[in-house]
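Working through the structure, step by step
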Amino acid sequence: MHPIQDHSVADIDPHTLKQWLHDGAEIALLDVREHGQYGEGHLFYAAPVPYSRLEVDIVRLAPRRDVRVAVYDDGGADDTAYRAAHALAALGYRNVHRLAGGIAQWQRDGYAVFAGVNVPSKTFGELAEEVFHTPRIGARELAERQRRGDDLIVLDGRPFAEYQKMSIPGGVCCPNGELALRAHTLARNPRTTIVVNCAGRTRSIIGAQTLINLGVPNPVYALENGTQGWYLEDLQLEHGAGRRYEDDIAPQDLPALAQRSLQLAESHGVPMVDADEVQAWLRDTARSTFLCDVRSAEEYAQGSLPGAQHAPGGQLIQATDQYVAVRGARIVVFDAEGVRAPVVASWLRQMGWDASVLREGVQARLDNPVEKVLAPPVPLLSDAQLAAALAQDAQLVDLRPSMRYRANHIVGARWSIRPRLAGLRLDRTRPVVLLAEDAALAAWAAQDLRASGVHDIQVNTGDPSGWAAQGIALASTPAEPADAECIDYLFFVHDRHDGNKAAARQYLAWETNLVKQIDERELAGYRFPAR
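Definitions and limits used
- Residues numbered from 1 in each chain as written.
- Predicted model: local features only at pLDDT ≥ 70, side-chain atom pairs only at ≥ 80, totals over all residues.
- Heavy atoms only, no water.
- Core = buried A, V, L, I, M, F, W, Y, C linked by side-chain atoms within 4.5 Å.
- Buried < 20%, exposed > 50% of the residue type's maximum accessible area, 1.4 Å probe, protein only.
- Contact = heavy atoms within 4.5 Å.
- Pairing = 2+ DSSP bridges.
- Helix = DSSP H or I, 4+ residues; strand = E, 2+ residues; numbered from the N terminus.
- UniProt positions renumbered as here; feature names shortened; annotations may be inferred.

Topic: the nonpolar core
Ranked by internal contacts, the top residues of the largest apolar core, which has 93 residues, are Leu-17, Leu-30 and Val-333. Ignoring any residue separated from it by four or fewer positions in sequence, one finds Val-333 in contact with Cys-292, Val-294, Leu-316, Ala-341, Val-344, Ala-345, Leu-348, Ser-356, Val-357 and Leu-358. Core analysis: the second largest hydrophobic core is formed by 18 residues, Val-378, Ala-445, Ala-446 and Val-459 among them.

Listed below in structure tokens is the structure:
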């Protein structure tokens, strides 16, 4: 272990950290281990910010350099948290702390850890079902109603890419964040039953309850256990479906839809704030403000507000820790029409966030310069230049996700990930080429290698098809790297979608058990309406 001497980084014990997490002041709790390690067990409020992506993601997740930061790792000999803490200090973060002893000491001191991902959001979904008694329908009953030809529609609340992987037969993609704006065009008859599904539970529950909270006249149900529940009942899923909502909304429908959403937001105490107030917040150096565009990816691509991140409404609720790492921060959401953002904010308020809606939406005039982190310079090689480097005896290190390496990689390339690079024992006299999907990620890994004495480093961001076109030999190794080495991959979360019924059952049991694991202070962080 490395005792930290730098004035910008200090050790903190678990008891103090636990108090900080509930004292009301801002804190960014960062789990800097890789995704698979994080998913096996982490602190309840931790945001996943792997060391391999730290500099790439940190400004988006925790933009204010004075914010109180706590980082942790396993507490083992590799001490990733030490490196991460000093990387943050080098980026100008002035209030960084490392959890002494890591997650191991946290557990020794009697505090819980949580498996899985998006735990605060998924716990919220389970609590919401209990609080609102969200109606649900089982897979078998839904299949029977479809067989009978009942008047019903299945709306899939996930993003289109997820929907295409597997979906309920006949289901239409309408992500949760779009339901308030588009459900009435998909179920025009008030007697049509609406069933909302996702892959598991959270988005089914939140999507169905969104429509109920908005007062739609239709019967509404959440599909119990989503596509996994369907699969576990031995029912056939669709793959590659392309049905989705229509983009156009009749202009005459918008005033009533916006009024309905506004009333829902007001019932949950959501402030509507104008651009001048948000501008003052963005200039406030003592508080973090996140500007989130909750519209579709297509709308965001056409232009957004300065410094706003794309956070489609359903996903922002489902996976808040992937968009905001600062507990206690302000979140300002906006759209183009005043229908979607108020609904999203109503849920965020219940989750315990200080969420507001920008009144002018995407038309607001804001000055929001974001201080970006520039990756260190590193030479980029084309695929042809990579082939030439191989001929000159270059060493290849493949930094792509481990499952992509298993599927197809260059013969002779070794898989690794940034926190494990020191264990490769590279020959410092030979050139090194890093293979990566993200040049910035590779550039930061290269900086670590230079610090270890390797200086002739270049990067290639190609893919197997381009490599093969240059005559570079490829190989597949389904069992290499070994499962234990794939610290970037969480098997039980992903295997549930790959025909593994045991993994699906394990996942659903984990999800429904979350509410039994949280303590009173974590439970008190949610703000459900009194009933």
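Concerning the sheet that holds strand E11 (residues 272–273)
With respect to topology, 5 strands assemble into an open sheet ordered E11-E16-E15-E12-E13, the strand pairing being parallel. Each having just a single partner strand, E11 and strand E13 (309–310) make up the two edges of the open sheet.

Quick look at the UniProt feature "domain: Rhodanese" (unreviewed entry) in the protein chain
Residues annotated in UniProt with the feature "domain: Rhodanese" (unreviewed entry) correspond here to residues 23–115, 148–239, 293–372 and 390–476. Segment residues 23–115 splits into 34% helix and 16% strand. End C-alpha atoms: 24 Å apart. The span residues 148–239 is 38% helical and 17% strand by assignment, and the distance between its end C-alpha atoms comes to 23 Å.

Some details on the sheet that holds strand E21 (residues 457–460)
Taken together, the 4 strands give an open sheet; going across it, the order is E19-E17-E20-E21, and neighbouring strands pair in parallel fashion. For this open sheet the edge positions go to strand E19 (414–415) and E21, each flanked by a neighbour on one side alone. Pairing of strand E20 (residues 432–435) with E21 involves 4 bridges; the strand directions are parallel. If you follow Val-432 over to E21, its bridge partner there is Ile-457.

What to know about the environment of Ala-422
Position of Ala-422 among the secondary structure elements: in the loop between E19 and E20. Of the residues examined, Ala-422 reaches a relative accessible area of 73% and is grouped as exposed. For the pair Ala-422 and Ser-452, spaced 30 residues apart in the sequence, the C-alpha separation amounts to 7.5 Å.

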